[in-house]
Amino acid sequence: MKKTAQNTNFRDLLKLKSIETRKGFKESFPEAHQFLLEKGIELGKLRQYSAKLISAGALTGTLLLSPPTGASSLPTPADIVHSLSETGDKDVNAIPQKEFIESLKNLLPKEVRPLARDEEKRLEMVVKNILNVNAKATLEGEHLNTIYGYIGAEQHLKRYPGDILESHGPYYKEGIAPGLGAWGYFSKSRADLNENLIETEKWYSVVQTLYLPDWNSRQPYLRDWYKYRKLLIVNTVNGNAVITALADSGPAAWTGKHFGGSPEVMEYLGGSRYKKGPVLVFFVDDPENKIKLGPVDYNDLSGKDLVQI
Amino acid sequence: MSIIFYDKLVVISSLDKKIKKLTESSEERQEMWQMVEEIIHHKVLGCCLDNLPHEHHSEFLDMFHKAPHDQNLLKYLNEKSKKDMKKIIKEEIKKLTKDLLLLDSNKV
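Please read all numbers here as calculations on a predicted model, not as lab measurements.

A. Summary view of helix H4 (residues 72–81) of chain B. Residues and elements named next belong to chain B. Buried within H4 are the following residues: Leu73, Leu74, Tyr76, Leu77 and Ser81. Buried residues along H4 cover an arc of 160° about the axis, so they all sit on one side. Of the exposed residues in H4, those oriented more than 90 degrees away from the buried face are Lys75 and Glu79. If you follow the buried residues of H4, they end up packed against helix H2 (26–51), helix H3 (57–66) and helix H5 (85–101). The first or second residue beyond H4 is lysine 82, which carries a positive phi of 60°.

B. Here's a closer look at the interface of chain A and chain B. Facing 60 residues of chain A, the contacting portion of chain B comprises 60 residues. Buried surface at the junction of chain A and chain B, summed over both partners, amounts to about 5500 Å²; 65% is from carbon and sulfur atoms. Taken as a group, A:Phe10, A:Arg47 and A:Trp254 account for 16% of the area that chain A buries against chain B, more than any other trio of residues on that side. Scanning the region where chain A abuts chain B turns up eight salt bridges. Secondary-structure elements contributing two or more residues to the side of chain A that touches chain B are helix H1 (5–28), helix H2 (30–39), helix H3 (46–60) and strand E7 (241–249) of chain A. Of the residues forming the side of chain A that touches chain B, the biggest block, 13 residues, is contributed by H1(A).

C. Region of interest: empty space enclosed by the protein. One pass over the full model with this rule turns up three cavities of 30 Å³ or more. Roughly 60 Å³ of internal volume is contained in the largest cavity. A:Leu144, A:Asn145, A:Thr146, A:Val207, A:Gln208, A:Thr209, A:His258 and A:Phe259 are the residues that line the largest cavity. Residue classes in the lining of the largest cavity are distributed as three nonpolar, five polar and no charged. Considered as a void within the structure, the second largest cavity measures approximately 50 Å³ in volume. With three residues, the top contributor of residues to the lining of the second largest cavity is H2(B). Class assignment for the residues of the lining of the second largest cavity results in five nonpolar, one polar and three charged.

D. Layout of the layout of surface pockets. Of the volumes computed, that of the largest pocket is approximately 840 Å³. If you list the elements that add at least two residues to the lining of the largest pocket, you get H1, H2 and H3 of chain A together with H2 of chain B. When residues of the lining of the largest pocket are assigned to their parent elements, the largest contribution, seven residues, is made by H2(B). Residues belonging to the lining of the largest pocket are distributed by class as follows: 12 nonpolar, 12 polar and eight charged.

E. Quick look at the pattern of salt bridges. Under the defined criterion, the tally for this structure stands at 26 salt bridges over all chains. When the shortest N-O distance is used, the salt bridge between A:Arg113 and A:Glu119 registers 2.9 Å. With a relative accessible area of 7%, A:Glu119 lands in the buried category. With a shortest N-O distance of 3.4 Å, B:Lys20 and A:Glu154 are connected by a salt bridge. One end of the pair, B:Lys20, is in helix H1 (residues 13–22); the other, A:Glu154, is in the loop between strand E4 (148–153) and helix H7 (195–202), on a second chain. Residue classification places A:Glu154 among the buried positions, given a relative accessible area of 10%. What emerges from the salt-bridge pattern is a single network uniting A:Arg11, A:Asp12 and B:Glu31.

Each value, and the rule that gives it
Residues numbered from 1 in each chain as written. Chains lettered and ligands numbered in written order. Predicted model: local features only at pLDDT ≥ 70, side-chain atom pairs only at ≥ 80, totals over all residues. Heavy atoms only, no water. Buried < 20%, exposed > 50% of the residue type's maximum accessible area, 1.4 Å probe, protein only. Helix = DSSP H or I, 4+ residues; strand = E, 2+ residues; numbered from the N terminus. Arc of directions from axis to C-beta. Contact = heavy atoms within 4.5 Å. Buried area = accessible area lost by both parts, 1.4 Å probe. Salt bridge = Lys/Arg side-chain N within 4 Å of Asp/Glu carboxyl O. 1 Å grid on protein atoms, 1.4 Å probe; cavity = no way out; pocket = protein on both sides within 12 Å on 5 of 7 lines; lining within 4 Å. Points joined across faces, edges and corners; volume = space filled by probe spheres on them. Nonpolar A, V, L, I, M, F, W, Y, C, P; charged D, E, K, R; others polar.

Here it is, written out as structure tokens:
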């Protein structure tokens, strides 16, 4: 890790500020400090602590102390199965993307938030039915803190030492990240870079593995499990969907975003001006590695009555 | 619902840009993110307790430890403090952002 005078200085000052803030809190609120200490809550790890509680609640069905906005209007699984089959029976000429957007609108809460397991299951069914992708909120026992959140635009990642922005066309606007992704360079050198790795960087995504409650305690397993893990990202507003490969950890929780997408991913999800928006993120169950990275084309209009479209 | 009840009030993107420019590895970046995270939690919780009458501290902390994500915490704070805590937390974060961005402005 190369340390420059500039970043060492800022890091040290940040560290100092962090110690001062902790000390200030302890002095101003000794009872609160003692309470948190007794409960075993470290404010530095508050997010992981909360995620653990939410995850346990989601599994036992006691996710919320108060119902989320719109939760009461969520349809039951039977309703969904019924509505899906009804759609299939009655409107054979429906444009899949339109149908998909409508289904998402019916299933998702008004505000972005972690979903309960039954909500996730219903969404998996819709994705499987319309996009024909075997998408899972939980795969091999692994689950993200949230699968419904905001995605933000990321920069290109350096694939090998000496990689430059100019070799990442056609999208140059976001630039190339000065630092490396969580798994370092994609290849040791330019010569080692193959088509697979080029596609991986092109369609890379970012999720907050750093806030997973068991991220530190289950190493190196989780690090390996998540590396280049295939993720389906769905823009819940327009229904655009893309298969990505996880290549970095982030963004920081205090940026107001939960996921990140490469310039190509963002361009496909929402166009050139798309910087942030609500998305769903699923693991792709693809044990034989048959599914290609990139856009999910599910608007097969062959056999449809084009006049009605 | 967010992971922490005040998550939606805490958005500091300018600082993230600075950290990304200064760091070369993911570990280094995450270490700085973590420090900022810790500062935020202490500041916001301190701000909540500062504005909440002392007799309600214990009840608030108990609710907080049971469900840090619960949006009712904000309602509770508003009710008991008789203040607009959303606005107050946002102000605190604004002040903190400025402080953090200027941290190394006096370097030689």
